[in-house]
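Examination of the molecular architecture
Given next are the chains, with one letter for each unit.
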Amino acid sequence: MSKPEKIFLFNEKDFSNWTTRDGSESGWTIEKGFMTVKPGTGDIMTKEVFGDAFIHLEFRCPDMPDKHGQDKGNSGVFIHGRYEVQVLDSYGVDSGRGDCSAIYDKYAPLFNNCRPAMEWQSYDIIFRAPRFSEDGSVSEKPRLTLLFNGLPVHNNLTLESVTGAPLTEEMVAEGPLLLQDHGNTVSYRNVWMCRLPQTGADHY
């Protein structure tokens, strides 16, 4: 079996590989090889769709010392546009289901591995898409492993349902990567993925 191809989702120059929820052009900004949320312009998502995948991205939360909780460096990474991995400045707090690297409002990370605001951080995500029966019903729920700044904060987690603000409520075999505009100037860079060959549940 050949090595999976690395697909660069962000070319560091423009948004030719991205669109918004309604199909229009992105209003985010690009400088020095990274893209930044322009509050009020909406979420962006890849034109590329995928099933099983390894996904890498890096993000940076703005320094907002006067803000707290969900108002502090908030964004989100939606796998398939349906399962949100929270992005938030959660440095130095006891992590819960709404903090950085949580599966938003569903699962808290195993521990807090957050760096301070204005430092670049990384997510490495191994995602196993849901499986479907011949009648279209879900036979196996999706699963996710997440390394946050190199350490595992979710280990082969079963995602029982989509999180809030999904593209649709239904699970799908393939979907895009969506990055959230939550009103804060969070930046992203080095966004790429590898499609993984579909295998049995015992492989990953």
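Residues numbered from 1 in each chain as written. Predicted model: local features only at pLDDT ≥ 70, side-chain atom pairs only at ≥ 80, totals over all residues. Heavy atoms only, no water.

Looking now at the nonpolar core. Core analysis: the largest hydrophobic core is formed by 42 residues, its most contacted members being V77, Y123 and Y188. Those elements that place two or more of their residues in this core are β6 (53-60), β7 (75-79), β8 (83-87), β9 (121-128), β12 (143-148), β13 (151-158), β14 (177-179) and β15 (187-195). Ranked by residue count, the leading element in this core is β6, at four residues. (Core = buried A, V, L, I, M, F, W, Y, C linked by side-chain atoms within 4.5 Å. Buried < 20%, exposed > 50% of the residue type's maximum accessible area, 1.4 Å probe, protein only. Helix = DSSP H or I, 4+ residues; strand = E, 2+ residues; numbered from the N terminus.)

As summarised here, the arrangement of the five strands in space is β2-β5-β14-β7-β8, forming an open sheet in which the pairing is antiparallel. Strands at the two margins of the open sheet, each flanked by one partner only, are β2 (18-20) and β8. Averaged over all adjacent pairs, the angle separating strand axes in this sheet is 25 degrees, with direction ignored. By the bridge criterion, five bridges tie β7 to β8 in an arrangement that is antiparallel. Paired with F78 across the two strands is E84, which belongs to β8. (Pairing = 2+ DSSP bridges. Axes fitted to C-alpha atoms, helices over the stretch in contact; angles between N-to-C directions.)

By volume, the largest pocket amounts to about 160 Å³. Forming the walls of the largest pocket are K67, H68, G69, K72, L88, D89, S90, Y91, V93, D99, P116 and A117. In terms of residue class, the lining of the largest pocket is made up of five nonpolar, three polar and four charged. (1 Å grid on protein atoms, 1.4 Å probe; cavity = no way out; pocket = protein on both sides within 12 Å on 5 of 7 lines; lining within 4 Å. Points joined across faces, edges and corners; volume = space filled by probe spheres on them. Nonpolar A, V, L, I, M, F, W, Y, C, P; charged D, E, K, R; others polar.)

Where burial is concerned, most of β12 is hidden: five out of the six residues are buried. Where β9 lies against β12, six bridges are found, and the strand directions are antiparallel. Among the inter-strand pairings, I126 is bridged to a residue of β12, identified as T145. Taken together, β12 and the strand that follows it, β13, pair antiparallel across an intervening segment of two residues, in which N149 is found at a positive phi of about 50 degrees.

What follows concerns a nonpolar patch on the surface. A surface patch of nonpolar side chains, amounting to about 280 Å² of accessible area, comprises L110, F111 and L151. Structurally, the position occupied by L110 is in the loop between β8 and β9. Residue class for L110 comes out exposed when judged on its relative accessible area of 60%. (Patch = residues over 30% accessible without salt bridge, like charges linked within 9 Å, V, L, I, M, F, W, Y side chains within 5 Å. Areas by Shrake-Rupley, 256 points an atom, 1.4 Å probe, with all protein chains shown as cover. Salt bridge = Lys/Arg side-chain N within 4 Å of Asp/Glu carboxyl O.)

Take the pattern of salt bridges next. This model, assessed by the stated rule, comprises seven salt bridges. Between R21 and D43 there is a salt bridge, with its nearest N and O atoms 2.8 Å apart. Of this pair, R21 sits in the loop between β2 and β3 (29-31) while D43 sits in the loop between β4 (34-36) and β5 (44-46), and the two are 22 residues apart along the sequence. A salt bridge links E58 to R189; its shortest N-O distance comes to 2.7 Å. Separated by 131 residues along the polypeptide, E58 in strand β6 and R189 in strand β15 bring together distant segments of the chain.

Our next topic: the environment of T168. Assignment of secondary structure puts T168 in the loop between β13 and β14. The spacing of T168 and H80 is 88 residues in sequence and 9.9 Å in space, taken between C-alpha atoms. Those residues within four positions of T168 in sequence are excluded, and the remaining contacts are R82 and V162. A distance of 2.9 Å separates polar atoms of two side chains, one belonging to T168 and the other to R82. Polar contacts involving the side chain of T168 include one to the side chain of E170, which spans 3.3 Å. (Contact = heavy atoms within 4.5 Å. Polar contact = N/O pair within 3.5 Å; in protein donor to acceptor, adjacent residues only side chain to side chain.)

Assignment of secondary structure puts G92 in the loop between β8 and β9. As a C-alpha pair, G92 and S2 span 90 residues in sequence and 42 Å in three-dimensional space.

In this fold, Q86 is placed in strand β8. Polar side-chain contacts of Q86 include one of 2.9 Å to the side chain of Q70. Beyond its immediate stretch of four places on either side in the chain, Q86 contacts Q70, N74, S75, G98, D99, C100, S101, A102, Y104 and Y123.

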